[in-house]
Amino acid sequence: MYRYDAFDQTLVDERVEQFRDQVARRLSGALSEDQFRPLRLLNGLYLQLHAYMLRVAIPYGTLSSRQLRTLAHIARTFDRGYGHFTTRQNIQFNWVRLDQAADILAALASVEMHAIQTSGNTIRNVTADHLAGVAADEIEDPRIYAEIIRQWSTLHPEFSFLPRKFKIAVTGAARDRTALKVHDIGIQVVRDAAGEAGFSVLVGGGQGRTPMIGHVIRPFLPKADLLAYLEAILRVYNEFGRRDNLYKARIKILVQTLGPAAFTAMVEEQWQALRGPALALPDEELARIAAHFAPPTYARLPAASAALAAARAEPVFERWCRHNLLPHKQPGYAIATISLKPEGGVPGDATAAQLEALADLAERWSLDEVRVSHEQNLVLPHVRQDDVPALWRELRAHGLATPNAGLITDIIACPGLDYCNLANARSIPIAQQIQRRFANRERQEEIGAIKIKISGCINACGHHHVGHIGILGVDKKGAEFYQITLGGDGSERAALGEITGRAFAAAEVVDAIDTIIDTYLGARRHGEAFIDTYRRVGMVPFKEALYGAH
Amino acid sequence: MALIREGAIVPDTWQNIADDQELDCTQRAIITLARWQSAGDDLRTTNRALGIRLRGDQHPAAIVADLGRFDLVALEFAKFTDGRAFSHARTLRERYGFTGELRAVGEVLRDQLLFMLRCGFDSFEVADSSAATFAATTPKISVFYQATGDGRVPVRALRNTRA
Ligand code: SF4
């Protein structure tokens, strides 16, 4: 993993002291809330419904045990004993006091972490495939480039007051696990005809009020040009993105208004002017960063573990393995998904005790590494297959062995009206009701792979547009209602969901989901996943089932 | 208003001239883009000191052909959250090679000073009431990941010299 050098460390330390001074000026009244707001937002501090919320960046979703323990310490000391993992590889602490915010940042800095640019109209925390470095379908580890982008974007003097927030995702694999196509910029490592690795650059995707799938504006960018090209895109956006209307300020609107071709021409012109030694990435620099992400030292093991195979005779363990274990590219290893979606829990929440337990388990059994997925789960990326049974027993003891990765109860949900001051409706109780309705493990398996995603308002933090089933909280004359969409997909086959029809009252939502599932089970051909059945049969049968009687 | 340069309050030798105001040839005048664009040859060809003030929606490309004519360009931050002038400043300095005075005007706050310096601004027009604290502001951050045209050495170059 990437380790800070003296420069990286100095920057985060200085940043803590700068923010300490800004907080002091706010508390003394020298700064008005209006003047303070953008400063605190540049450090990830929001004012929510009940308290301040601090959003901490987990760049490209990689954590060491030491870092995880510090997050646990923060949860215990400065919050109410838990943290909440978001859909963008951040962790949020929901009950923070302003006068302690700088101390939390100092604790983070002591383990090479920060909250820089996790909010505000800036380049946000750069996300990457949570299976980086361990997935078999990968060309190169995307974290190399995500780290280069992290450094370039950190306190960028030109791009700290953009028209709107700006999100970049990076993947090195053909299968997209980052929702690349609904990001402001999506970078994918690809090979050109000569076999050389470079990037495909996608711009203008997004969710929110006006969801859009991004456009590839450059099918192949040489590696050396990554930063010059990003700077060109950002400059065009900073100069020409709309600033008069909050809802039209994202880059997707600029791309749409100009048209992808005209937008691309502006970027390319700017890029030609920016290409040069200052921004070029020489091979030595690429190699220096890449060395930080070199594969760990694996043991030489047989491809399949006899101990694991024997242990799988136990049905409960076998069920967990079936859903929560993924193949590792290294023979004899496995990737374990730690579901943060227990029945009746808050999706993405983990207690301080759980975070500490995971830190211990990662240290013992996963080469000291934990990943955070955009699906609000955690991943132990390097587990010896031989160790999986023992790992599972420990996970179970800490309530972390929910065997539902990728199933109907593995729901993404934003904080919604329980915490968020922008929400129209609650998200968490809806997720919990669905989890209860489908609690039966056999039924979950029968339904198979499906992604339900819930947002409490049109800002779409819960990614509902790309849920196979999306649920969106809307306000109808002061009552909480929910609009349902079907057919969304955040993968490489990205699609935006279609609205089923009129919205459902809170008490009707779970029945509606049940109806949708029954309709799917009735229509599917053998082994077909929900999304494939939907693509084949379309909206009509679902609409009839949901509204036909009315 | 007060003018800050290199950490000190300095006298402003320039005058902002509104479009309906007479220009007299003794002034060091900062004019608007509109005035410049409608100006006749007399203004274009005299060698009097001239400055121009651009709003955020006025791209410096509009004056690139005439840039040699200006000793000063003032870029306006209508709100401090309107970051267009950061890009315009770098474009003027690094792409168009402007070497005259680059002045930040409008809502210019000390918390953005370092960003402004890094983008090429070298003078700052601020309210009288905040002039002293603004002048006394020293950058709190000493590490720079980005190579801009301001001469501060970015981290990557430092890493290479150390290695
Ligand atoms: S989607 Fe809306 S309600 Fe949910 S967290 Fe985002 S802003 Fe808040």
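Per chain, the residues get numbers from 1 upward, laid out in the order the sequence is written. To label them, take the chains in the order written and letter them from A, then take the ligands in the order written and number them from 1. Where local features are concerned, this predicted model is filtered to residues with pLDDT of at least 70; where side-chain atom pairs are given and counted, the filter is 80 or more; whole-chain, interface and lining totals use all residues. Computation of side-chain values: all heavy atoms of the structure, hydrogens and water removed.

1. Here's the deal with the packing of helix H12 (residues 352–365) of chain A against helix H13 (residues 388–397) of chain A
All names here are of chain A. Heads up, the condition is: Helix axes use the C-alpha atoms of the stretch in contact, all axes being lines fitted to C-alpha atoms, and the angles between their N-to-C directions lie in the range 0 to 180 degrees. Each helix corresponds to a stretch of at least 4 residues labelled H or I by DSSP, and each strand to a stretch of at least 2 residues labelled E; elements are numbered beginning at the N terminus. Roughly parallel means an angle under 35 degrees; roughly antiparallel, over 145; roughly perpendicular, 65 to 115; everything else is oblique. Any two residues whose heavy atoms approach within 4.5 Å at even a single point are treated as in contact. All amino acids are sorted into three groups, where Ala, Val, Leu, Ile, Met, Phe, Trp, Tyr, Cys and Pro are nonpolar, Asp, Glu, Lys and Arg are charged, and the leftover types, Gly among them, are polar.
Running from N to C, H12 and H13 cross one another at 175°; their axes reach a closest spacing of 11 Å. If you check the angle between H12 and H13, you find them roughly antiparallel. Here Leu358, Leu361, Arg364 and Trp365 of H12 lie close against H13, whose contacting residues are Ala390, Leu391, Glu394 and Leu395. Partitioning the contact of H12 with H13 into residue classes produces six nonpolar, no polar and two charged.

2. A closer look at the environment of Thr533(A)
All names here are of chain A. The test is simple: Only protein chains enter the accessibility calculation, which uses a 1.4 Å probe. A residue is then buried if its area is under 20% of the maximum for its type, exposed if over 50%, and partly exposed in between.
Among the structural elements, threonine 533 can be located in helix H17 (residues 530–537). Residue threonine 533 is classed as buried on the basis of its relative accessible area, which comes to 0%. Each C-alpha atom of the pair threonine 533 and tyrosine 520 lies 6.9 Å from the other, and the pair is 13 residues apart in sequence.

3. Concerning the site of the ligand
For clarity, the threshold we go by: Throughout, near means a residue has at least one heavy atom within 4 Å of the molecule or strand.
As a matter of local geometry, the ligand sits amid Cys414(A), Pro415(A), Gly416(A), Cys420(A), Leu422(A), Ala423(A), Ser455(A), Gly456(A), Cys457(A), Asn459(A), Ala460(A) and Cys461(A). When its residues are assigned to classes, the shell around the ligand shows eight nonpolar, four polar and no charged.

4. Some points on the side chain of Asp410(A)
All names here are of chain A. Condition: A 3.5 Å cut-off defines polar contacts: any pair of N or O atoms within that distance qualifies, except that in protein one atom must be a possible hydrogen donor and the other a possible acceptor, and neighbouring residues in sequence count only when both atoms are side-chain atoms.
Relative to the helices and strands, aspartate 410 is located in the loop between H13 and strand S16 (412–413). For aspartate 410, a relative accessible area of 9% corresponds to the buried category. Within the structure, the side chain of aspartate 410 is placed 2.8 Å from the backbone nitrogen of glycine 406, a separation counted as a polar contact. Apart from the residues lying within four places of it in its own chain, the contact partners of aspartate 410 are Lys341, Glu375, Asn377, Asn404, Ala405 and Ile452.

5. Points about the interface of chain B and chain A
Stated precisely, the cut-off is as follows: Accessible area that two parts lose when put together, with a 1.4 Å probe and added across both, is what the buried area reports. Salt bridges are defined as contacts in which a side-chain nitrogen from Lys or Arg sits within 4 Å of a carboxyl oxygen from Asp or Glu.
Counting residues at the interface gives 31 residues for chain B and 47 residues for chain A. Of the roughly 3500 Å² buried between chain B and chain A on both sides combined, carbon and sulfur atoms contribute 54%. One can count seven salt bridges joining chain B with chain A. Arg95(B) is the salt-bridge partner of Glu269(A), the closest N and O atoms lying 2.4 Å from each other. At the boundary of chain B and chain A, one finds 21 residue pairs in polar contact (both at pLDDT 80 or more). At the level of secondary structure, the elements contributing two or more residues to the side of chain B that touches chain A comprise helix H3 (84–95), helix H4 (113–119) and helix H6 (155–162) of chain B. Examining the composition of the side of chain B that touches chain A, we find that seven residues originate from one element, H3(B), more than from any other. When its residues are assigned to classes, the side of chain B that touches chain A shows ten nonpolar, ten polar and eleven charged.

6. Structural notes on the sheet that holds strand S7 (residues 168–171) of chain A
All names here are of chain A. Cut-off, in case you're wondering: For two strands to be treated as a pair, DSSP must find no fewer than two bridges joining them.
One open sheet holds the five strands; their spatial order is S6-S7-S8-S9-S10, and the pairing between them is mixed. Of all strands in the sheet, those bounded by a partner on one side alone are strand S6 (127–128) and strand S10 (215–222). On top of the sheet, helix H5 (residues 143–153) reaches S6, S7, strand S8 (185–191) and strand S9 (197–203); it is set at about 155° to S7, its chief contact. Along the sheet, helix H8 (residues 260–274) contacts S9 and S10; its crossing angle with S10, the most-contacted strand, is approximately 30°.

7. What about the sheet that holds strand S2 (residues 52–57) of chain A?
Residue and element names in this part refer to chain A. On the basis of which strands lie adjacent, the open sheet formed by five strands has the order S1-S2-S5-S4-S13 and antiparallel pairing. Only two strands of the sheet have a single neighbouring strand rather than two, namely strand S1 (45–47) and strand S13 (349–351). Along the sheet, successive strands turn relative to each other by an average axial angle of 30°, direction set aside. For strand S4 (residues 82–85) and strand S5 (residues 90–96), the ladder comprises two bridges, and the chain directions are antiparallel.

8. Notes on unusual backbone geometry
All names here are of chain A. Although it is not a glycine, alanine 179 sits at a positive phi angle of roughly 60°. Note on placement: alanine 179 falls in the loop between S7 and S8. Look at aspartate 368: it is not a glycine, yet its phi comes out positive at around 70°. Among the structural elements, aspartate 368 can be located in the loop between H12 and strand S14 (369–372). Residue aspartate 368 is classed as partly exposed on the basis of its relative accessible area, which comes to 30%.

9. Concerning helix H2 (residues 33–41) of chain A
Among all positions in H2(A), only Phe36(A), Pro38(A), Leu39(A), Arg40(A) and Leu41(A) are buried. The secondary structure elements touched by the buried residues of H2(A) are helix H1 (6–28), S1 and S2 of chain A.

10. Description of the domain arrangement of chain A
All names here are of chain A. The following threshold applies: Those domain boundaries reflect an automatic or database domain assignment.
The domain architecture assigned to chain A consists of domain 1 (6–109), domain 2 (134–292), domain 3 (306–397) and domain 4 (412–547). On a C-alpha basis, the centres of domain 1 and domain 4 stand 33 Å from each other. Counting residues at the interface gives ten residues for domain 1, matched by ten residues for domain 4. It is Gln48, Leu49 and Thr87 that lose the most area in domain 1 upon contact with domain 4, and together they represent 57% of the buried surface on that side. Taken together, domain 1 and domain 4 are joined by six residue pairs in polar contact (both at pLDDT 80 or more). Secondary structure elements with two or more residues in the side of domain 1 that touches domain 4: S4 and S5. Sort the elements by how many residues they give to the side of domain 1 that touches domain 4 and S5 lands first, with three residues. Of the residues assigned to the side of domain 1 that touches domain 4, the class counts are four nonpolar, six polar and no charged.

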